[in-house]
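Notes for the structure review
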Amino acid sequence: MSFEKAQQLIELATFVAARRMGVTLDDVGERFRVSKRTAQRMLHTLEFQFPDTRPSVDENGRKRWRLQTGALRDLLTLTPDELAAMDLSIETLERNAQGLEADHLRSLREKILALVPDNRIARLETDYEALLEAQGLAARPGPTTRLAPGVGSTIATALKGSQRLKIVYQSRGSAASSKRVVEPYGVLIGIRRYLVAKPTTDPAGTLRHYVAEKIESAELTGEVFERDPGFDIHAHAKKAFGAFQNDSEFGEVVWRFKPDAAPHARSFLFHPGQSLEDEPDGSLIVRFWASGHMEMCWHLYMWGDKVEVVAPDVLRQMVKRHQRADFPSLP
C-alpha cells in the first residue's frame, strides 16, 4: 500500500470512528470527494484492514459502517498545522466577540494536547511556532464589539434547554433600556451578533432580532417553551446578506461587477444561494435573494465604483453618490 493510500485509510478510519451513528456511502463520497464506486472500495479496504469495522442497516434501509477500536488511537497524531489552525480559530472567535465559543475551543485544545504523548509534543513545537509566525497570529488591531459579561453563556444555556430568557435590552432609538421575556431560537453572527427570539408579549409569535451587544443583562426564567419544530436556523440565516434581517426588504439582489473587478469578485461567496453570470464584455453578474440592505451598502462601499446595483432600486438609491473611484485596491 502506498503512503498516500495508507494516509487516506487512516483518515477514513478516523472519519468513521468519530461518528457514533456510523457513515454511509454518500457520507464517504462527500467527505473525500469521490464517486460511489470509489467509496465502496475504500470501505471494503477499511473492513479488511480494521476487523472491528461493523456494517449494519439503519431504519431507513441505508447501510452504515461503524468503527470502535482502541488500536486507532496509536495511529493518530496531532500535526503542527492542526494545532496552529485551532489557535487561529480561537483568536478569530475572540476577535468576533465570541468569547464563550473561544473558551470551549480552548478547552478542547487542552484536552487534545493532554492525550498526546510527551515525546510527540516536543517534535510538534518547532514547526508549530514557525506556523504561528507565518500566519501572523498576533494581536490584530481593529474594531470589534463586546458582549456584557455572562450574556453569551446565559444565551447558550437557554438555547440548549429551550428556556425563556429575561433580558434588559436597549433598542435602537430608545434612550432607556427595558425588560423583556423572550423565547430564544438561535444566534446569527456577522458584523454584529443578533439573538433570534420570539417576545412572549407577541401573540403572533413573530421572530425578532436583538443586537446581542445591546443586551445589558440576561437571566434564565426557569420556564421551558416548545420550539417551533419547523424552524431551521440555517435556512433562516440564508434570508439575510449578513446577520440582520428585514422581511420587507427580502427580494432578488443583482450586482454587476466591471470587467477589471470581475476576476476578483468571482473569488467571493457573497451569499450561499448566489448564481454567477459572465457578460460578453467581461463583467460579472451576481444574483441572490436576501434582505439587509444596510449591510449590503457597507460591503458595496469597499468596491468603490467597480460594482453597479442592478436591483433592487431601493438599494441602488442607497449607494448612489457613495461610490468612490479613488480606492487603491479592492476588498
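Right, let's walk through the structure included here. (Residues numbered from 1 in each chain as written. Predicted model: local features only at pLDDT ≥ 70, side-chain atom pairs only at ≥ 80, totals over all residues. Heavy atoms only, no water.)

1. Remarks on the layout of surface pockets
- Approximately 460 Å³ is the volume found for the second largest pocket.
- Residue lining of the second largest pocket: 19 residues in total, with Y169, R172, Y194, V211 and F244 positioned closest to the centre.
- Counting residues per element, the ones that place at least two in the lining of the second largest pocket are β6 (208-211) and α10 (293-301).
- When the residues that make up the lining of the second largest pocket are grouped by side-chain class, the tally is 7 nonpolar, 5 polar and 7 charged. (1 Å grid on protein atoms, 1.4 Å probe; cavity = no way out; pocket = protein on both sides within 12 Å on 5 of 7 lines; lining within 4 Å. Points joined across faces, edges and corners; volume = space filled by probe spheres on them. Helix = DSSP H or I, 4+ residues; strand = E, 2+ residues; numbered from the N terminus. Nonpolar A, V, L, I, M, F, W, Y, C, P; charged D, E, K, R; others polar.)

2. Thoughts on the pairing of strand β4 (residues 178-189)
- With 5 bridges joining them, strand β3 (residues 163-169) and β4 adopt antiparallel strand pairing. Residue Y169 lies in a different strand from β4, and its bridge partner there is S178.
- When β4 meets strand β5 (residues 193-199), the two strands line up antiparallel, connected through 7 bridges. Within β5, the position partnered with G186 by the bridge is V196. (Pairing = 2+ DSSP bridges.)

3. As for the pattern of salt bridges
- Counted by the stated rule, this structure contains 17 salt bridges.
- Put simply, D278 and R266 hold a salt bridge, and the shortest N to O gap is 2.5 Å. Here R266 lies in helix α9 (residues 262-266) and D278 lies in strand β9 (residues 275-278), a separation of 12 residues in the sequence.
- A salt bridge links D313 to R316, with the shortest nitrogen-to-oxygen separation between them at 2.5 Å. With D313 and R316 both in helix α11 (residues 313-319) and 3 residues apart, the pair spans about one turn of that helix.
- The exposure class assigned to R316 is partly exposed, which follows from its relative accessible area of 30%.
- Salt bridges sharing partners connect three or more residues here, namely D58, R62 and R64. (Salt bridge = Lys/Arg side-chain N within 4 Å of Asp/Glu carboxyl O. Buried < 20%, exposed > 50% of the residue type's maximum accessible area, 1.4 Å probe, protein only.)

4. Examining the environment of D313
- Accessibility expressed as a relative area gives 42% for D313, which makes it partly exposed.
- It is 9.5 Å that separates the C-alpha atoms of D313 and V253, two residues lying 60 residues apart in sequence.

5. What about α10?
- Looking at α10, one finds that the buried residues are H293, E295, M296, C297, H299 and L300.
- Residues of α10 that are buried sit in contact with β8 (251-257), β10 (284-290), β11 (307-311) and α11. (Contact = heavy atoms within 4.5 Å.)

6. With respect to the sheet that holds strand β7 (residues 215-224)
- Pairing is antiparallel in the open sheet, where 5 strands are placed in the order β6-β5-β4-β3-β7. With one partner strand each, in any of the chains shown, β6 and β7 form the two edges of the open sheet. On average, each strand axis in the sheet is tilted by 50° relative to the strand beside it, whichever way the strands run.
- Helix α7 (residues 151-161) contacts β3, β4, β5 and β7 of the sheet and is inclined by roughly 25° relative to β7. (Axes fitted to C-alpha atoms, helices over the stretch in contact; angles between N-to-C directions.)

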